[in-house]
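The lines below spell out each chain.
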Amino acid sequence: MQPNTTTPDAQSVAIDLGDRSYRIEIGAGLLGEPGSYAGLPSTATALIVTNTTVAPLYAQALQRVLSPLYGRVLCLELPDGESYKTWDSLNLIFDALLSNGCDRKTVLYALGGGVVGDMTGFAAASYMRGVPFVQVPTTLLAQVDSSVGGKTAINHPLGKNMIGAFYQPLRVVCDLDTLKSLPPRELSAGLAEVIKYGPIADMAFLDWIEEHMDALRACDPQAMAHAVKRSCEIKAHVVGLDERESGLRAVLNFGHTFGHAIEAGMGYGQWLHGEAVGCGMVMAARLSQALGLVDAAFVARLKALVERAGLPTLAPVLDAQRNSARYLDLMRVDKKAEAGAIKFVLIDGPGRAVVRAAPDAMVVRVIEESCAG
Ligand code: NAD
Ligand code: GLY
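What you see is a predicted model, and the numbers here were worked out from it, not measured in a lab.

S.K.: Just checking my understanding: could you explain the nonpolar core for this structure?
M.R.: When a protein is soluble and globular, its nonpolar side chains tend to lie buried together. Counting 83 residues, the largest nonpolar core has Leu-140, Phe-258, Tyr-327 and Met-331 as its most contacted members. Looking at this core element by element, the count peaks at ten residues for helix α7 (residues 221-241). Residues within four places of Met-331 in sequence aside, it is in contact with Thr-257, Phe-258, Ala-261, Ala-337, Ile-342, Phe-344, Val-363 and Ile-367.

Structural data, given as structure tokens:
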């Protein structure tokens, strides 16, 4: 398919959460548009939290558009990378807030990918017991998933996203133009979370992704606009029904139980989050097949699509001596685990997900098969 270069109109998706409701604005050029921030509190101070990669690209434009709204607009650059999603980086945000005398009306702006967004959200949830924040996601993964729905966290060496809070932003501003500067590997990582929404909720969307994969990888504006909007709509629906993951929301973690084990087991930052999720989805589909929930054709279809997105499907060996045991150990600290029993998000027929346990021997077979190709 030929890339379509016309710019699609800006669109808005609502997250309906009572007095914590907000809008996700989606469109080209929104980051530097004053209208994207209309109606947000105009107070003494805004703090933009970003990182050393994103700051030179977009911090000035954000600072410029926010200046009329605030007495001062500060900017903090964190080190870049999943391996910096830590207490130390979180403390740098608190240091900046306290050393600049920021009060409880200070508005935090998270400018960057999911790492910056998750950490800034957690800082906003806890600074002076809660200050307002806005997400300005600049990766595909952050636009279709992490900036939406209020999950905030940092990592612990023993487990991914283990320390955090549910805390909703006031708004999400997805500027599709920012995706043009993303390295291809990061774009592919974001596509994993786009693909995710098909098997768990909307097979027609999976068909559409298959048809438009080449356009998506070429960052075609029309295709990207649809992918971001439809992903946000599905996520908004699920989060609106189960904000704090008492049940349904867990389906958004399809591929994440295996994926988090890969990320933690390889060392944070070795495999990108989206890469681990892509491979993890294929492993979870294999487990669904082993339990008789889907057929081999479904697994093959998902694997082929993940590969077309430019993502790995060969699972890494985490330990030469006791590989499966290492996977199981890591998966036991997953947040869905109960009393040490691992719970998986499985596909219970195309377009429908279910959360359930599986016998260890079956999980071990899936790990062995997935590490062998
Ligand atoms: P990331 O934040 O590390 O960003 C990826 C890389 O792209 C970084 O090097 C970043 O500096 C760079 N970058 C960002 N925007 C850019 C741009 N426009 N141009 C060029 N480079 C740019 O990774 P990510 O994939 O965005 O997010 C992954 C994180 O999100 C993980 O920590 C994961 O746990 C988290 N996550 C959270 C949720 C949630 O619901 N809160 C959901 C999914 C993932
Ligand atoms: N990315 C999983 C969730 O938001 O619940």
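S.K.: Can you walk me through the site of ligand 1 in this structure?
M.R.: The environment of ligand 1 is formed by 28 residues, the closest being Asp-80, Glu-82, Lys-85, Thr-138 and Thr-139. The backbone of Ser-146 places a nitrogen or oxygen atom 3.4 Å from a nitrogen atom of ligand 1. For ligand 1, a nitrogen atom lies 2.8 Å from a polar atom in the side chain of Ser-181. Taken together, the elements giving at least two residues each to the shell around ligand 1 come down to α1 (55-66), α3 (114-126), α4 (140-146), β8 (159-166) and α5 (184-201). Split into classes, the residues belonging to the shell around ligand 1 amount to seven nonpolar, eleven polar and ten charged.

S.K.: What am I meant to see in the site of ligand 2 here?
M.R.: The environment of ligand 2 is formed by Asp-145, Lys-151, Lys-235, Glu-245, Arg-249, Leu-252 and Asn-253. Between Asp-145 and ligand 2, the recorded distance is 3.1 Å, taken from a side-chain N or O atom to a nitrogen atom. Within the side chain of Arg-249, one N or O atom sits 2.8 Å away from an oxygen atom of ligand 2. If ligand 2 stood free it would expose 200 Å²; the protein chains cover 90% of that surface. Tallied by class, the residues present in the shell around ligand 2 amount to one nonpolar, one polar and five charged.

S.K.: What is the right way to read the sheet that holds strand β5 (residues 107-112) from this model?
M.R.: Backbone-to-backbone hydrogen bonds join strands into a sheet, with any given pair of strands oriented parallel or antiparallel. Read from one edge to the other, the open sheet built from seven strands follows the order β1-β2-β9-β6-β5-β3-β4, with strand pairing classed as mixed. In this open sheet, the two edge strands, each paired with only one partner strand, are β1 (11-15) and β4 (72-78). Taken pair by pair, the neighbouring strands of this sheet meet at an average axis angle of 15 degrees, ignoring direction. The pairing of strand β3 (residues 45-51) with β4 spans seven bridges and is classified as parallel. For Leu-47, the partnering residue across the bridge sits in β4 and is Leu-74. Against the sheet, α1 touches β3, β4, β5 and β6 (133-137), its axis set at about 170 degrees to β3. Here α3 sits on the sheet and contacts β3, β4, β5 and β6; the angle it forms with β5, its principal contact strand, is near 165 degrees.

S.K.: Just checking my understanding: could you explain the environment of Ile-154 for this structure?
M.R.: Mapped onto the fold, Ile-154 is located in strand β7 (residues 151-156). Sequence-distant contacts of Ile-154, that is, excluding residues within four places in its chain, are made with Lys-85, Thr-86, Trp-87, Leu-90, Met-119, Phe-122, Asn-161, Met-162 and Ile-163.

S.K.: Would you mind showing me how to read the environment of Ala-361 here?
M.R.: Among the structural elements, Ala-361 can be located in helix α12 (residues 360-372). According to the relative accessible area criterion, Ala-361 is exposed, its value standing at 53%. Taking C-alpha positions, Ala-361 is 9.8 Å from Ser-324, a pair spaced 37 residues apart along the chain.

S.K.: How do you make sense of helix α8 (residues 256-266) when you look at a structure like this?
M.R.: With nine of eleven residues buried, α8 lies mostly within the body of the structure. Among the residues of α8, those classed as buried are His-256, Thr-257, Phe-258, Gly-259, His-260, Ala-261, Ile-262, Glu-263 and Ala-264. Contacts made by the buried residues of α8 are with β8, α5, α9 (273-290), α11 (323-332), β10 (344-347) and α12.

Thresholds applied
- Residues numbered from 1 in each chain as written.
- Chains lettered and ligands numbered in written order.
- Predicted model: local features only at pLDDT ≥ 70, side-chain atom pairs only at ≥ 80, totals over all residues.
- Heavy atoms only, no water.
- Core = buried A, V, L, I, M, F, W, Y, C linked by side-chain atoms within 4.5 Å.
- Buried < 20%, exposed > 50% of the residue type's maximum accessible area, 1.4 Å probe, protein only.
- Helix = DSSP H or I, 4+ residues; strand = E, 2+ residues; numbered from the N terminus.
- Contact = heavy atoms within 4.5 Å.
- Near = heavy atom within 4 Å.
- Polar contact = N/O pair within 3.5 Å; in protein donor to acceptor, adjacent residues only side chain to side chain.
- Nonpolar A, V, L, I, M, F, W, Y, C, P; charged D, E, K, R; others polar.
- Areas by Shrake-Rupley, 256 points an atom, 1.4 Å probe, with all protein chains shown as cover.
- Pairing = 2+ DSSP bridges.
- Axes fitted to C-alpha atoms, helices over the stretch in contact; angles between N-to-C directions.

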